[in-house]
Amino acid sequence: MVMFMLSVLLIAGCGIAVVPALRRPARVNVAVAGRQTKIALELPAELQHLPEPPVLAASPIQILDRTEIFRLLTQLSLGVPQLGEPLPEHDRIVAAALTTIGSAATQGKYAPRRPNLLPQLMRVVSDEDSSRRELVALIARDPSLVGSLLKMANSAYYRVTPRAVESIERAVVMLGSDGLRSLIATALVQPIFEVSMAGAFPRFPQVVWEHALLSAHAAIPHAALVERVDQFAAELLCLVTGLAEIVLFRAAMEHYANSSRRNQPAPIVMATLLASQSATFAWHIGANWELSELMLAALEEQMVASDPTTPLGRSLRFGRSAGALAVLRTNKVIDDATARLSLPDGGMSPAHLKCMWRRLLDKPEESKATGRMVARR
């Protein structure tokens, strides 16, 4: 009897109580004369009929990993609520498409030519010793670049006076170095983002362009503050990666139109092609454009899931993820809390990260407007 009372006191003193114990008698093993004896302990009557605990609704806030982020982005760009499950015949379709378009980045039909002024502009914009006069003279050599410069300077985002900006010199002063970098990079690759809005997946060009721009805006501060590398190079790599998606999309759609009797390819097929081949196409474009070895190494690192080891590779990976979250947020696919919790810090301080995120969300209309203009061309 003494052993029994000591066991009961020990159990009560340790606070061992669980919810199932409130529903049924507890059973305690007690050693009596060398034998294990099970004794039922009845709870007081008032504790035997407690209500069931409430079932709490799952929180809408999520922390998305990189795979989930880009899955949602692909669904948005293809305009579908779900990509669907892969079927056995999808592997055959993907393999056939890759056989046809595997070298599309090196073929004249698909491969975008390097903008003529790209090497000189990269040197002048990245060189702090270059004079404003040299930059103005270089821009003046390309009429389309002049038009883009004046249009951007007169946009609501940059223009601060009632008088229109009509000279290259004034536009250069108004835009500043950051504005000029964005202008030059986007003006150089924008004409290549020419995909018809008709037919299957009409939102694809707009969403990809928006993602490319916002990725570039995110990669710039990461390259400057964390990696201490060329900001313009990081920005250009983001745009080239988006460009590769457009090139692959065009090639795949043309292949599908010529070889399939269906009205449009299954979303899961397009998603598989984009996920597996976009980085490779981006590398081929970079090689054709004779980008630096450092830039090509950064593009090559995007072909694998492991973390990049080069500074530009890390800035590109960070920019792409942050840009994707910004696109999902501005298109109301995810809420702000989910976007912020899923945002990779990438080595940036909380203050810099907050500033960067605010800048990404401040530019959605500019990015969308440019995307619509590009897609209609």
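As the structure is a prediction and not an experimental result, all values here were calculated from the model.

Chemist: An account of the nonpolar core is needed here, citing residue identities and associated values.
Modeler: Soluble, globular proteins show a tendency: their nonpolar side chains are buried together. Of all hydrophobic cores here, the largest spans 68 residues; its most connected members are Ile139 and Leu149. With 15 residues, helix 9 (residues 231-259) is the largest single contributor of residues to this core. Of all hydrophobic cores here, the second largest spans 24 residues; its members include Phe70, Ala324, Leu325 and Leu343.

Chemist: How would you sum up unusual backbone geometry? Please name residues and give values.
Modeler: One non-glycine residue with positive phi stands out, namely Glu290, at about 60°. Backbone geometry places Lys332, a non-glycine residue, at a positive phi of 60°. Position of Lys332 among the secondary structure elements: in the loop between helix 12 (311-330) and helix 13 (336-342).

Chemist: Describe in detail the pattern of salt bridges, supporting the description with residues and values.
Modeler: Where charged atoms of side chains with opposite charge meet at close range, the side chains can pair. A complete count under the given rule lists five salt bridges for this structure. Between Arg314 and Glu227 there is a salt bridge, with its nearest N and O atoms 2.8 Å apart. With Arg314 in helix 12 and Glu227 in helix 8 (residues 204-227), this pair connects stretches of sequence that are 87 residues apart. Measuring nitrogen to oxygen at the nearest pair gives 2.7 Å for the salt bridge that ties Arg340 to Asp336. Residue Arg340 and its partner Asp336 are located together in helix 13, separated by four residues, close to a single helical turn.

Chemist: Which residues make up the packing of helix 9 against helix 11 (residues 293-301), and what are the values?
Modeler: Their axes nearest at 11 Å, the elements helix 9 and helix 11 cross at an angle of 45°. Our classification of the angle between helix 9 and helix 11 gives oblique. The chirality of how helix 9 crosses helix 11 is right-handed. When helix 9 is examined against helix 11, the residues Ala233, Leu236, Leu237 and Thr241 are found in contact with a partner set consisting of Met295, Ala298 and Leu299. Residue composition of the contact of helix 9 with helix 11, grouped by class: six nonpolar, one polar and no charged.

Calculation notes
Residues numbered from 1 in each chain as written. Predicted model: local features only at pLDDT ≥ 70, side-chain atom pairs only at ≥ 80, totals over all residues. Heavy atoms only, no water. Core = buried A, V, L, I, M, F, W, Y, C linked by side-chain atoms within 4.5 Å. Buried < 20%, exposed > 50% of the residue type's maximum accessible area, 1.4 Å probe, protein only. Helix = DSSP H or I, 4+ residues; strand = E, 2+ residues; numbered from the N terminus. Salt bridge = Lys/Arg side-chain N within 4 Å of Asp/Glu carboxyl O. Axes fitted to C-alpha atoms, helices over the stretch in contact; angles between N-to-C directions. Parallel < 35°, antiparallel > 145°, perpendicular 65-115°, else oblique. Left-handed = near helix turned anticlockwise from the far one by under 90°. Contact = heavy atoms within 4.5 Å. Nonpolar A, V, L, I, M, F, W, Y, C, P; charged D, E, K, R; others polar.

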